[in-house]
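# Survey of secondary and tertiary structure
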Amino acid sequence: SGEMAIANVQFDMVTPGNEMKWDTTEPSNGSYNFGPGDQIVNWAQAHNARVRGHNLVWHSQLPNWVSSLPTNQVQGVMESHITTEATHYKGKVYAWDVINEPFNEDGSLRQDVFYKAMGSGYLADAIRTAHNADPNAKLYINDYNIEGENAKSNALYTLAQQMLSQGVPLGGIGLESHFIDGQVPSSMLANMQRFANLGLDVAVTELDDRIQLPASSSSLQQQANDYTTVVNDCLAVSRCVGVSQWGVDDGHSWIPGTFPG
Ligand code: G3I
C-alpha cells in the first residue's frame, strides 16, 4: 500500500498501534496471541527499525476478564501478563510503555482495576516486573497532556523522582503529543528537560496535530509550524531519543473516528 511504501523509506522506528495491547495479546486468561505484534517486529527487523513496545498495563483495551477479576487476583495476573509479553519480545523492543496513561488530568491516579487492587504500588511493581523479564529494555511511563508543565506533568514528575529515589528501574517518559493545531505548549522543551535532568530518556511517542476541517492554507501552515516546534524541542534535549507520529499518514489516523470533523 501507499502507507507501507512511505513507511519503508521514511521511518526508522515503529510502534504497534494496537497489536501489543492486552486485548490482543491475552484475550483470555493465560492464552496469548503474539501473531499481530510479531508481524510489526518482522517489518522492523527487515528495515533495521527500532520498536517501541506499546503497552503492558493500561485501563483501556483491557479485556473484561481482567477488569472483572477479584481484587486479590489482579496483581498475579498483571505480573504474569507483563512477564510473558516482555519475555516474548525480549531483545526485540528497545523500549516498553510499561504503564500507559495512569493519571487523571488533575494529577491524581486513575482509579482503574490495578489501582483498586494494589494502590499506587502497582506502578513500581509493573516496572520491576518488566525489568526482570527484559533488563535491557528502556521502561517508560507514557501519557497524554503531560507535554507542557501542568498539574498532570507535575504529578508525573513527582512520581518519577520518587521511583528513582527508591531504585525503581524507570528509564523514560513518553509524551504522547496528541495536539490541537496551534496549541503546542510553550513549556514543552523545559518540561522535557526537567525529566531529562532526572536522568531519564524522554520521547515524543504519538505525535499528531488535529485540524478542524476544512483545512485552510493558514491552518496547514500552523500545523507545519507545530511539527517543526515539536521536532526542534526534541532536538534541543539531548535525552530526547525520538519522535514517533501516530500513524504513517492522515488516511489511517484515529482522529476522525474520535473527533468528528
Ligand atoms: O479490531 C476491531 C474490529 O474487529 C471491529 O470491527 C471494529 C469496530 O469498532 O473495532 C476494531 O477495533 C478498534 C481498534 O482501534 C482497531 O482498529 C477499536 O474499536 C478502536 O477503539 C481502537 O482504537 C484505538 C484506540 O487507541 C483505543 O483506545 C486506536 O486504533 C489507537 O490508535 C488508539 O491509540 C491510543 C494509544 O494506544 C494510547 N494513546 C492514545 C491513542 C489514541 O487514542
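Refer to the structure printed above.
Report follows, based on the coordinates.

Definitions and cut-offs
Residues numbered from 1 in each chain as written. Predicted model: local features only at pLDDT ≥ 70, side-chain atom pairs only at ≥ 80, totals over all residues. Heavy atoms only, no water. Phe/Tyr/Trp six-rings, centres within 6.5 Å; stacked < 30°, edge-to-face > 60°. Lys NZ or Arg CZ within 6 Å of the ring centre and 35° of its normal. Near = heavy atom within 4 Å. Polar contact = N/O pair within 3.5 Å; in protein donor to acceptor, adjacent residues only side chain to side chain. Areas by Shrake-Rupley, 256 points an atom, 1.4 Å probe, with all protein chains shown as cover. Nonpolar A, V, L, I, M, F, W, Y, C, P; charged D, E, K, R; others polar. Salt bridge = Lys/Arg side-chain N within 4 Å of Asp/Glu carboxyl O. Buried < 20%, exposed > 50% of the residue type's maximum accessible area, 1.4 Å probe, protein only. Helix = DSSP H or I, 4+ residues; strand = E, 2+ residues; numbered from the N terminus.

### Focus: the packing of aromatic side chains
Under the criterion given, the structure shown has 8 aromatic pairs. Taking the centre distance of 5.7 Å and the plane angle of 20° together, the rings of Tyr 32 and Phe 34 count as stacked. In this structure, Arg 50 is placed above the aromatic ring of Tyr 94, and the distance from its NZ or CZ to the ring centre is 4.4 Å. The side chain of Arg 194 reaches across the aromatic face of Tyr 157, ending 4.8 Å from its centre.

### Quick notes on the site of the ligand
Around the ligand there are 13 residues in total, and Lys 21, His 54, Glu 101, Glu 206 and Trp 246 lie nearest to it. At 2.9 Å, a side-chain N or O of Asn 18 approaches an oxygen atom of the ligand. Between Lys 21 and the ligand, the recorded distance is 2.6 Å, taken from a side-chain N or O atom to an oxygen atom. Bound to the protein, the ligand loses 43% of the 780 Å² it would expose on its own. A class-by-class count of the residues in the shell around the ligand yields 3 nonpolar, 6 polar and 4 charged.

### Examining the pattern of salt bridges
Inspection of every chain in the model, using the stated rule, returns 5 salt bridges. Note that Lys 152 and Asp 143 form a salt bridge whose closest N and O atoms lie 3.4 Å from each other. In terms of burial, Lys 152 and Asp 143 fall into one category: buried. Here Asp 201 ties to Arg 239 by a salt bridge, and the two come within 2.9 Å at their closest N and O atoms. Of this pair, Asp 201 sits in strand β7 (residues 201-210) while Arg 239 sits in the loop between α10 (217-236) and β8 (240-245); the two residues are 38 residues apart in sequence, bridging distant segments of the chain. For Asp 201, a relative accessible area of 9% gives the class buried. Among the charged side chains, a network of salt bridges with common partners joins Glu 105, Asp 143 and Lys 152.

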